[in-house]
Structure formats: C-alpha cells, structure tokens
Amino acid sequence: MLSFDHVYFYYKKEKPILEDISFTIQQGEFVSIVGPNGCGKSTIAKLIDGLLIPKKGNIQVVNHDTKKPNDLMKIRQKVGFVFQNPEDQFITTSVLDEVIFGLENIRVPREEMYDRALSALKIVDMNNYLDSMPHELSGGQKQRVAVAAIIAMKPEIIIFDEATSMLDPKGRTQILAIMHKLHNEGMTIIHITHHMDEVLQADRLLLIAKGKICFDGEPETFFNTVQVEDYQLQQPFAIRLHQLSGQTVALKADWKGAIRAQWSTN
Ligand SMILES: Nc1ncnc2c1ncn2[C@@H]1O[C@H](COP(=O)(O)OP(=O)(O)OP(=O)(O)O)[C@@H](O)[C@H]1O
Ligand SMILES: [Mg+2]
C-alpha cells in the first residue's frame, strides 16, 4: 500500500533529516509514528503526499511513485490529511459547505455531493450542525468537521499529524474513537502523535530519531524494551501507574483493555 525504499531527505544539505529510511505499511494497518520534536515526522507525512520529494530513494503510494509528476494527482486522491489546527483548514461559513467545498475541488458530481457530505458528517457525529459556522464550534467539533471533509473525499489512507494535540480530553477521545472506527472499516491510518497514551492501540509503532527508524513493531514491545525517556517521550499513564505499583508484564492485557474501555464509554 505504501512503501519507503531507502529514502534520504534534507531541507538544507548540511542538515540531513531522514537517512536511509525504509518501511512498508499494508492496507488496513493502524500505524503510530512517534519521535522527538523535529525528528522528521511531519516531513514523512509530506513525503507520502508528494509535497516533498526524496533526495534519494523512492516512495510508492498505492502503486504510484511520488517522484512521477503524473502520479501525484492520483496519490493526493488516495491520501487524506488531518492537521493539528482545524482552523487552518476552514474556508467556508457552514459545516455542510466546508465538506462540500472539498468535494467540489475534486470534481465530484453535484448530485453525489450532498449524500457524501452528509454520510461523512454522520460518521463523525456532526450531522446536526450542518448550518453552524465552523469557527463557532468547539475545538473537538472543528476537528471532527475537518475529518468529515477528508472522509467525504474517500481516501484510502488518512494521516493524522498531531490532530489531537490541541484538543481537550473529550475532543481527543472523540477523534481517537473516529480513527479507530475508520480503521475497523478497513481504512489505513497513520497517526503522528506526542501522546503516548494514544499509541497503545496502534497495530504498529514507528519511532523516528536522528534520521533513522529506531523501532518498528508492536507498542507493547516498544514500551517493554525501549527507554522512551531517551527520545523525549513518556511512558503512557496507565503503564506508569502499573510500574509504580510494581506490576508490569502480567498487566499488559489489562492496561490495553482499560484504555479501550475508557474510549468506548465516551
Ligand atoms: N521548510 C523547511 N525548511 C527548513 N527546515 C525545515 C522545514 N520544515 C521543517 N524543517 C526542519 O526539519 C526538521 C524536521 O521537521 P518536522 O516538521 O518534520 O519534524 P517533526 O518530527 O514533525 O517535529 P514536531 O514534533 O515538532 O512536529 C526540523 O528540524 C525542522 O526545523
Ligand atoms: Mg510535526
């Protein structure tokens, strides 16, 4: 579905950002990308979308090469982005128009637009706010509208780049629940985050640091084997709690379950 093959990237030659990065993400995977500030996570997202092109190596997105200008349009139809600040993404004056606007841009037939917008707004539970002004919504609601605008375009991969980091706990929980709902329906999800509590439910975690992939595997293995503090990251709250009480390995299943329960009740 998506592969980086020996990718090198820099903005300024003397300061390499990514050095020989290779990984493959399969269709339907939920992958979290973590790493210290400035390690290149957003750069990876921009490389996937073809906004940036590798200096060396290749990136394939659903059988299209980001280096081929003719492939870029097709890649952008398959990859949706949700950023940190939903405000930056709004252009129109109503929630419905906001979602329709994206569809006009990709030339969806007029008769299809309304249905697609409405069903996307239903998925994020914002279908009762069709006429609301996007700027007057809460942070979490704004982000849900931004997600709906992406879902309506029917991408195959959605990249969430710190999309929960400006939200309050309730807003974060709702966005995470939507991400997992989309994943359960088969969408490939890439979740770039600083919140380590959020990565416990990912299928897979990539740790980027000093231009390299320093870990690629299951979150459980990550937290049991990697000194997360070395990468300016924290252990998830639930794990810290168990470690404080001297319980570690045996409770693995519990902390995952506990967090799942917390999300599903909100
Ligand atoms: N347009 C640019 N020109 C020059 N340098 C850049 C540019 N964009 C990013 N950088 C630098 O490249 C490095 C990687 O940036 P990037 O935004 O990918 O990091 P990040 O891992 O997403 O960081 P954060 O956790 O803060 O979001 C940083 O040192 C950043 O300052
Ligand atoms: Mg970033």
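Just above sits the structure.
(A) Quick peek at the packing of helix H4 (residues 110-123) against helix H5 (residues 139-152). Between H4 and H5, whose axes approach to 8 Å, the crossing angle comes to 135°. By the criterion of interaxial angle, the relationship of H4 to H5 is oblique. Judged by the sense of rotation from one axis to the other, the crossing of H4 with H5 is right-handed. Side by side, H4 and H5 meet where Arg 116, Ala 117, Ala 120, Leu 121 and Ile 123 of the first sit next to Ala 148, Ile 151 and Ala 152 of the second. Among the residues forming the contact of H4 with H5, the class breakdown is seven nonpolar, no polar and one charged.

(B) Looking closely at the state of the cysteines. This structure, assessed with the given rule, holds zero disulfides. Unpaired in this structure, Cys 39 has its nearest cysteine sulfur neighbour in Cys 214, at a distance of 8.9 Å. When its relative accessible area of 8% is taken as the criterion, Cys 39 is described as buried. Accessibility expressed as a relative area gives 36% for Cys 214, which makes it partly exposed.

(C) Quick look at the sheet that holds strand S2 (residues 15-25). The four strands lie next to each other as S2-S1-S4-S5, forming an open sheet whose pairing is antiparallel. Each edge of the sheet is formed by a strand with only one pairing partner; in this case those strands are S2 and strand S5 (64-65). Bridge analysis of strand S1 (residues 2-12) against S2 gives seven bridges, and the strand direction is antiparallel. Across the sheet, Leu 2 pairs through a bridge with Ile 25, a residue of S2.

(D) Summary view of unusual backbone geometry. If you check the backbone angles, Val 62 has positive phi at about 45° while not being a glycine. Residue placement: Val 62 occurs in the loop between strand S4 (56-61) and S5. With relative accessibility at 16%, the residue Val 62 sits in the buried group. Phi at Arg 107 takes a positive value of approximately 60°, unusual for a residue other than glycine. Its location among the elements puts Arg 107 in the loop between helix H3 (95-105) and H4.

(E) Looking closely at the nonpolar core. Leu 121, Val 124, Val 147, Ile 158 and Phe 160 are the most contacted members of the largest nonpolar core, which totals 36 residues. Broken down by secondary-structure element, the contributors of at least two residues to this core are H3, H4, H5, strand S7 (157-161) and helix H6 (169-184). What Val 124 contacts, discounting residues up to four positions off in sequence, is Arg 144, Val 147, Ala 148, Ile 151 and Ile 178. Listed in part, the 29 residues of the second largest apolar core include Phe 9, Leu 47, Ile 75 and Leu 206.

(F) Quick look at the site of ligand 1. Around ligand 1, a shell composed of Tyr 11, Lys 15, Ile 17, Asn 37, Gly 38, Cys 39, Gly 40, Lys 41, Ser 42, Thr 43 and His 194 is seen. In this structure, an oxygen atom belonging to ligand 1 sits 3.0 Å away from a main-chain N or O atom of Gly 40. A distance of 3.5 Å is found between an oxygen atom of ligand 1 and a side-chain nitrogen or oxygen belonging to His 194. Summarising the interface, the protein chains cover 62% of the accessible area of ligand 1, which totals 640 Å² for the free molecule. Among the elements of the structure, S2 and helix H1 (41-48) are those that each provide at least two residues to the shell around ligand 1. The leading source of residues in the shell around ligand 1 is H1, at three residues. Residues that form the shell around ligand 1 fall into these classes: three nonpolar, six polar and two charged.

(G) Representation of the pattern of salt bridges. One pass over the structure, following the stated rule, counts seven salt bridges. Salt-bridge contacts for Arg 110 lead to Glu 104; the nearest nitrogen and oxygen are separated by 3.4 Å. Through salt bridges that share partners, Glu 29, Arg 204 and Asp 216 make up one connected network.

Cut-offs used in this document
- Residues numbered from 1 in each chain as written.
- Chains lettered and ligands numbered in written order.
- Predicted model: local features only at pLDDT ≥ 70, side-chain atom pairs only at ≥ 80, totals over all residues.
- Heavy atoms only, no water.
- Axes fitted to C-alpha atoms, helices over the stretch in contact; angles between N-to-C directions.
- Helix = DSSP H or I, 4+ residues; strand = E, 2+ residues; numbered from the N terminus.
- Parallel < 35°, antiparallel > 145°, perpendicular 65-115°, else oblique.
- Left-handed = near helix turned anticlockwise from the far one by under 90°.
- Contact = heavy atoms within 4.5 Å.
- Nonpolar A, V, L, I, M, F, W, Y, C, P; charged D, E, K, R; others polar.
- Disulfide = S-S within 2.5 Å.
- Buried < 20%, exposed > 50% of the residue type's maximum accessible area, 1.4 Å probe, protein only.
- Pairing = 2+ DSSP bridges.
- Core = buried A, V, L, I, M, F, W, Y, C linked by side-chain atoms within 4.5 Å.
- Near = heavy atom within 4 Å.
- Polar contact = N/O pair within 3.5 Å; in protein donor to acceptor, adjacent residues only side chain to side chain.
- Areas by Shrake-Rupley, 256 points an atom, 1.4 Å probe, with all protein chains shown as cover.
- Salt bridge = Lys/Arg side-chain N within 4 Å of Asp/Glu carboxyl O.

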